[in-house]
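# Coordinate analysis (summary)
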Amino acid sequence: MVDGGHRLSRRGFLSGLGVASVSAGLGAGMGMAGVPSARGVYADLGVRPLINAAGTYTALSGSLLLPEVRAAMDEASRAYVSLPELHEACGNRIAALVGAEAALVTAGCAAALTLATAACVCGEDEDAIRRVPDTEGLKNEVVFLKEQRFGYDHAIRNVGVKIVEAESKAEMRSAINDRTAMLFYLNNANDRSPMTRDEVAALGKQAGVPTLIDAAADLPPAQNLSAYHEMGYDLVAFSGGKGLRGPQCSGFLAGRKDLIQAAYANGSPNSNSVARIAKVGKEEIVGLTRAVELYFERDHEAEWNEWEARVRHILATVEDIPSVSGERFVPEIANAVPHAAIEWDPNRVALTRQDFVNALRDGEPRIEVRPSDPGEPRLEIGVWMMEPNDHWVVATRCAEILGTAAG
Ligand SMILES: *Cc1c(COP(=O)(O)O)cnc(C)c1O
């Protein structure tokens, strides 16, 4: 559900939420500010759509498809193609854009981690591909820094490998032996790890062991799409359903040609393979490819300025309420985009964070905010996944709730 490490968020989001994709409801029956009105697929299912004032959380259905992506997927859904041919064509297109030798569209970044590991363990060996997660006799150790163990390392362990934890540069080096299949790096942990991302890329090169970096949520900035190939990583994994605004269940793996070919052999449409459970359809393959293309065309500066304006509007709307203050902040880890935080003096405004969250959740339209410390009188709002004008609704609701509690 919610990203590993955000245990907090898990509880908050799990209380009665709908996890289907909001995108399908857009178009007909739109109400105010991007939230579908009472008529529509979600109303029909009895599931209440929400304003995403949180960010790209899987449990909140991630992001909304860009209109061009939605159109490409619709078009792709109308004709049969050879899936191997489509995979190859789209892989080539993405590889050319990001500056890698090859690429493969996957069913999300987690699927890319499984495929990458399987590629390093099995290569294109048919017997090995059929056998995993039984990895006896194969290179079956993945080395990474202990700080970087995370919820998604299950995607790596699916391949039947043992994760060898290293606590220092020296341990990382000495952990490498002839059973080592791959070195792994979690990009968003760069600033809290005993080795930086470039040091691990260099170590892999020196030791002749393939390296994989998980950069799932690390867009923007757009340069990140190419940066890790240039740094020397053999494989780079991204999510398609976060900042890229491609299909929710998409992502991609890019890197060395032999390893990408091996990754392909370890997944769909090859039925007897570990990653066959992570099939991507023609609609997602085409949609993700379009989303990557668009990421190179989008006006990132204009998007950033729009996010800043949303943050300013929300803060300006609540700051007049006695004892309430606002702050613009950019999270250090992932989602490095402008956010708004509202803080209040609980002695003057009779409101807990949970009261605030519940009031936003129970209101109409329903609003979900970013997970944060439940004990703090502070509410964090992500603006980058909002639809145009959602920030007006969010600002007004926050001011109403604070104003009422302030008496
Ligand atoms: C979101 C995320 C994933 C999983 O990505 P999906 O595209 O949802 O499969 C993996 N790693 C990190 C660091 C993430 O933030």
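Model, not experiment: these values are computed from the prediction.

The rules behind each value
Residues numbered from 1 in each chain as written. Predicted model: local features only at pLDDT ≥ 70, side-chain atom pairs only at ≥ 80, totals over all residues. Heavy atoms only, no water. Helix = DSSP H or I, 4+ residues; strand = E, 2+ residues; numbered from the N terminus. Rg over C-alpha atoms; globule rule 2.2 N^0.38 Å. Contact = heavy atoms within 4.5 Å. Lys, Arg positive; Asp, Glu negative; His and termini not counted. Charge placed at Lys NZ, Arg CZ, Asp CG, Glu CD. Domains from an automatic or database assignment. Buried area = accessible area lost by both parts, 1.4 Å probe. Salt bridge = Lys/Arg side-chain N within 4 Å of Asp/Glu carboxyl O. Buried < 20%, exposed > 50% of the residue type's maximum accessible area, 1.4 Å probe, protein only. Arc of directions from axis to C-beta. Pairing = 2+ DSSP bridges. Axes fitted to C-alpha atoms, helices over the stretch in contact; angles between N-to-C directions.

### Side note on the overall build of the protein
Assigned secondary structure in the protein consists of 15 helices and 12 strands. Its C-alpha radius of gyration of 22 Å places the protein within 12% of the 22 Å reference for a compact globule of 407 residues. For the C-alpha atoms alone, the extent of the protein along its principal axes is close to 70 × 55 × 35 Å. For the protein, the share of sequence-separated contacts (at least 6 apart) that also reach a separation of at least 24 residues comes to 69%. Side chains of the protein carry 40 positive and 54 negative charges; the gap between the two charge centres is 3 Å.

### Looking at the domain arrangement of the protein
When its domains are assigned, the protein resolves into domain 1 (41-62 + 299-406) and domain 2 (67-297). Taken over C-alpha atoms, the centre of domain 1 sits 33 Å from the centre of domain 2. Taken together, the 13 residues of domain 1 in the interface contact 14 residues of domain 2. With both chains or domains summed, domain 1 and domain 2 bury close to 1,000 Å², and 57% of this area falls on carbon and sulfur atoms. Of all residues in domain 1, T56, H300 and I333 bury the most surface against domain 2, accounting for 38% of the area lost on that side. In this assembly, domain 1 and domain 2 are joined by 1 salt bridge.

### Considerations on helix α14 (residues 353-362)
Taken together, the buried positions of α14 are occupied by R353, F356, V357, L360 and R361. Down the axis of α14, the sector holding all buried residues measures 130°, keeping them to one side.

### Some points on the sheet that holds strand β8 (residues 251-255)
The 7 strands lie next to each other as β2-β8-β7-β6-β5-β3-β4, forming an open sheet whose pairing is mixed. Lying at the two open borders of the sheet, with one neighbouring strand each, are β2 (102-106) and β4 (162-166). Strand-to-strand, the axes of this sheet are offset by a mean angle of 25°, without reference to chain direction. For strand β6 (residues 211-214) and strand β7 (residues 235-239), the ladder comprises 3 bridges, and the chain directions are parallel. Following the sheet pairing, D214 is matched in β7 by A237. Running over the sheet, helix α9 (residues 197-207) touches β5 (180-186) and β6 and is turned about 165° from β5. The strands that helix α10 (residues 224-231) touches are β6, β7 and β8; relative to β7, the one it contacts most, it runs at about 165°.

### Looking at the pattern of salt bridges
Following the criterion strictly, the structure yields 26 salt bridges and no others. Ionic pairing is found between R93 and E293, a salt bridge with its closest N-O pair at 2.5 Å. Here R93, found in helix α4 (residues 83-98), pairs with E293, found in helix α12 (residues 282-297); they are 200 residues apart in sequence, far enough to count as distant. A relative accessible area of 47% places R93 in the partly exposed class. For E327, the salt bridge is made with R378, and the minimal N-O distance between the two is 2.8 Å. With E327 in strand β9 (residues 324-329) and R378 in strand β12 (residues 378-382), this residue pair connects regions lying 51 residues apart in the sequence. Residue E327 is classed as partly exposed on the basis of its relative accessible area of 34%. Given the relative accessible area of 15%, R378 is considered buried. Salt bridges here are not isolated pairs; linked through shared partners, they connect E327, E343, R370, R378 and E380.

### A few points about unusual backbone geometry
Residue P269 is reached from S268 by a cis peptide bond, and omega for that bond is 5°. With an omega dihedral of 0°, the bond running from E364 to P365 counts as a cis peptide bond. Here P365 shows up in the loop between α14 and β11 (366-369). Of note, R245 is a non-glycine position whose phi angle comes to about 60°, a positive value. Mapping R245 onto the fold places it in the loop between β7 and β8. R245 sits in the buried class, given a relative accessible area of 19%. In this structure, N389 is a non-glycine residue whose phi angle is positive, near 80°.

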